[in-house]
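Coordinates in review
Here are the chains, one letter per residue:
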Amino acid sequence: MLRIDVAVIGTGAIGAAATWRLAERGVGVTAFERFAPGHSFGSSHGDTRLFREACLEHPDLVAMAQSSRALFRELERLSGDELLTITGGVSIGAEDSDAVAGAVRAAEAASLAIEHLSAAEVRARFPQHADVADTDVGVLDPAAGVARPERTVRAAAAAASTRGARIVTGTTVTAVEPGPSGVTIRTADAVWTADRVIVAAGAWLPAFAPWLDLTPVRTPLTWFTPRDAGFDIADYPVTIRQVDAGTVMWGHGSIDGSLVKLGLGDLWGTERPRIDPDAVDRGVTPADWSRLSPLVERVLPGLEPVPTRVEPCMITISPDDQFVIGAAPESDRVLVAGGDSGHAFKHCLALGEVLARDAVGEAQELELDFVRPARLTG
Ligand SMILES: Cc1cc2nc3c(=O)[nH]c(=O)nc-3n(C[C@H](O)[C@H](O)[C@H](O)COP(=O)(O)OP(=O)(O)OC[C@H]3O[C@@H](n4cnc5c(N)ncnc54)[C@H](O)[C@@H]3O)c2cc1C
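Every chain's residues receive numbers from 1 upward, in the order its sequence appears when written. Given that the model is predicted, a residue must reach a pLDDT of at least 70 before its local features are reported, and side-chain atom pairs must reach 80 or more before they are shown or counted; all residues, however, enter totals for whole chains, interfaces and linings. As a rule here, side-chain values cover all heavy atoms of the structure and leave hydrogens and water aside.

Observations concerning the layout of surface pockets
The volume enclosed by the second largest pocket comes to roughly 440 Å³. Looking at the second largest pocket, it is lined by 17 residues, and the ones nearest its centre are Arg218, Thr219, Pro220, Asp288 and Arg291. Note on conventions: DSSP H or I runs of at least 4 residues are helices, E runs of at least 2 residues are strands, and numbering of each starts at the N terminus. Breaking the lining of the second largest pocket down by element, the ones donating at least two residues are strand S13 (215-218) and strand S17 (260-266). No other element matches the three residues that S17 contributes to the lining of the second largest pocket. Three classes are used: nonpolar for Ala, Val, Leu, Ile, Met, Phe, Trp, Tyr, Cys and Pro, charged for Asp, Glu, Lys and Arg, and polar for all others, with Gly counted as polar. Of the residues assigned to the lining of the second largest pocket, the class counts are eight nonpolar, four polar and five charged. Using protein atoms alone on a 1 Å grid, points that fit a 1.4 Å probe yet trap it form a cavity, whereas open point sets bounded by protein on both sides within 12 Å along at least five of seven lines form a pocket; residues with an atom within 4 Å of a point count as lining. Grid points are joined across faces, edges and corners, and a volume is the space filled by probe spheres set on the points.

Describing the side chain of glutamine 128
Locating glutamine 128 in the fold gives a position in the loop between helix H4 (119-125) and strand S7 (136-141). Taking relative accessible area as the criterion, glutamine 128 reaches 10% and is therefore assigned buried. As used in this structure description, the phrase polar contact means that two N or O atoms lie within 3.5 Å; if the pair is within protein, one of them must be able to donate a hydrogen and the other to accept it, and residues adjacent in sequence are counted only when both atoms belong to side chains. At a separation of 2.7 Å, a polar atom in the side chain of glutamine 128 contacts the main-chain carbonyl oxygen of glycine 230. A distance of 3.2 Å separates the side chain of glutamine 128 from the backbone oxygen of aspartate 235, its partner in a polar contact. Residue contacts follow a heavy-atom distance rule, with two residues in contact if any of their heavy atoms lie within 4.5 Å. For glutamine 128, the residues in contact, after removing those within four places along its chain, are Gly230, Phe231, Asp235, Tyr236, Val299, Leu300 and Pro301. Classification of residues uses two cut-offs on accessible area relative to the type maximum, computed with a 1.4 Å probe and protein chains only: under 20% is buried, over 50% is exposed, and between them is partly exposed.

Description of helix H2 (residues 61-79)
The α-helix winds at 3.6 residues per turn, so residues separated by three or four positions along the chain end up facing the same way. What a helix should span is 1.5 Å times the count of its residues minus one. The terminal C-alpha atoms of H2, which comprises 19 residues, lie 26 Å apart, in line with the 27 Å expected from a rise of 1.5 Å per residue. Among all positions in H2, only Leu61, Val62, Met64, Ala65, Ser68, Leu71, Phe72, Leu75 and Glu76 are buried. Glycine 80 occupies a position one or two residues after H2 and carries a positive phi of about 75°.

A word on the packing of H2 against helix H8 (residues 348-360)
Fitted lines through C-alpha atoms give the axes, limited to the stretch in contact for helices. The angle between two N-to-C directions lies from 0 to 180 degrees. Direction vectors running N to C along H2 and H8 enclose 95°, while the axes themselves pass 7 Å from each other. Our classification of the angle between H2 and H8 gives roughly perpendicular. Only Cys348, Leu349, Ala350, Leu351 and Glu353 of H8 make contact with H2, whose side of the interface consists of Met64, Ser67, Ser68, Leu71, Phe72 and Leu75. Among the residues making up the contact of H2 with H8, the classes are represented as eight nonpolar, two polar and one charged. In this scheme, roughly parallel covers angles under 35 degrees and roughly antiparallel covers those over 145, while 65 to 115 is roughly perpendicular and the rest are oblique.

Here it is, written out as structure tokens:
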């Protein structure tokens, strides 16, 4: 039996970050990944993710995003790669919409410098947007930008390896069994024992944590071709627009002079079909853009409404749309990390740091009650 200090299951966004932060501390860490860092079969591919500090999902996410931003800069220094580009961002909707009220609530709680726009100012500054009601407003978040998922995951895994972490690729963990003197980890051809295990398995986490009510969902990534000018990222920055009660359209302008990335986010408790991540449909069909295309036609008529590029992806929704980070009820040797609910990439490096602190028993600096499992398990 092979002995490890800390094992990490999954080197996607959160697991690669945790592996790096543990290796930085000189902890003996072995990470298991069924594919390889930066792959496109989980939740962390598709070139870009939105980064925002005025996080509409929870005010305590502001400090988490700021912690992540500092770690993005550290990882850029180590890798020599650009991982996070600040472009500024705007939220558009009615004053009491999730997109606007959530961003304002987070910004006010953390005293962020945001700028308020009237409907007329939104129309003047962002003329790409049609159907802006007189009652709509805008909120500018100067700290928003675009992060690079595949590059970040690879950079974190490489930084971890440089500091002595072992990353075992092409290896699926089949069981995690906590016991009084350690945790047994089974793969197809080996049995390992670790003092602590971090399970950061993304859409596969429900199999390891059936005690959590997590729902993996297929969520396509879609890119659109501009018909009109004004869709470079300098003109159409990171944008969240409330398009219906409970639904936002998120996206950003072209970063390479070609396609504009857009998607739909269903807020707070929308029911969506649960998928099995091993059997997820990896093809694309018009059903992947049937909700989005009419909305693009309505609010961004300067774009072709049928996407030019589509890729399947997955998110894993928790009951309250917040992440789940912390010890499993059966053993504090097992830490779970997931339930990303479609907004965890920007926080992944901070979450890796939180997990490293949990694993070695260091005090936390962030407010974490809202992401701890206890809030869901009672
Ligand atoms: C369409 C879309 C748009 C999004 N937009 C944004 C955005 O704009 N901003 C933002 O912040 N977030 C966004 N997100 C969410 C963000 O991408 C995810 O929250 C984040 O990537 C989740 O990372 P993860 O580490 O939990 O999962 P993953 O990166 O999928 O990592 C899980 C890893 O575990 C591995 N694994 C699983 N089971 C095993 C096993 N048994 N053995 C070994 N390895 C295993 C997998 O192969 C995988 O590599 C978006 C997500 C989607 C799908």
